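Observations on the model geometry
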Amino acid sequence: MDIRKISIGPNYKSDAMHYIVGQDVLGGKYFIHLIQYVERSDSVKIWIKREGEILLWKEFNSNMPVSIEYNINF
């Protein structure tokens, strides 16, 4: 399943950081291209893109509270 959004942090509404596919980051120079769960390392990776260049930007491991929202295509 495609991940649409993740929220990282102990309190979803007040303390969490939210990352959404397509969101501009780093001053609008990049956008979030992919949010990927990696079962082998039990982590979430955020990939960013600019002009055809795709880079791994962040990785969160399982000791961080994470809320995941998936794309639901009807």
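Cut-offs used in this document
- Residues numbered from 1 in each chain as written.
- Predicted model: local features only at pLDDT ≥ 70, side-chain atom pairs only at ≥ 80, totals over all residues.
- Heavy atoms only, no water.
- Helix = DSSP H or I, 4+ residues; strand = E, 2+ residues; numbered from the N terminus.
- Rg over C-alpha atoms; globule rule 2.2 N^0.38 Å.
- Buried < 20%, exposed > 50% of the residue type's maximum accessible area, 1.4 Å probe, protein only.
- Pairing = 2+ DSSP bridges.

So, on to the overall build of the chain. Along its length, the chain carries 0 helices and 7 strands. Listed by position from the N terminus, the elements making up the chain come as β-β-β-β-β-β-β. Computed over C-alpha atoms, the radius of gyration of the chain comes to 12 Å, within 12% of the 11 Å expected from 2.2 N^0.38 for 74 residues, which places it in the range of a compact globule. Along the three orthogonal principal directions, the C-alpha set of the chain runs to about 35 × 30 × 25 Å. Scored against the burial criterion, the 74 residues of the chain give a buried share of 26%.

Let's shift gears to the sheet that holds strand 6 (residues 53-60). The 4 strands are arranged 3-4-5-6 in an open sheet whose pairing can be described as antiparallel. Since the sheet does not close on itself, it has two edges, and those belong to strand 3 (24-25) and strand 6, each with one partner. Bridge count for strand 4 (residues 30-38) against strand 5 (residues 43-50) is 7 bridges, and the pairing is antiparallel. Residue Gln36 lies in a different strand from strand 5, and its bridge partner there is Lys45.

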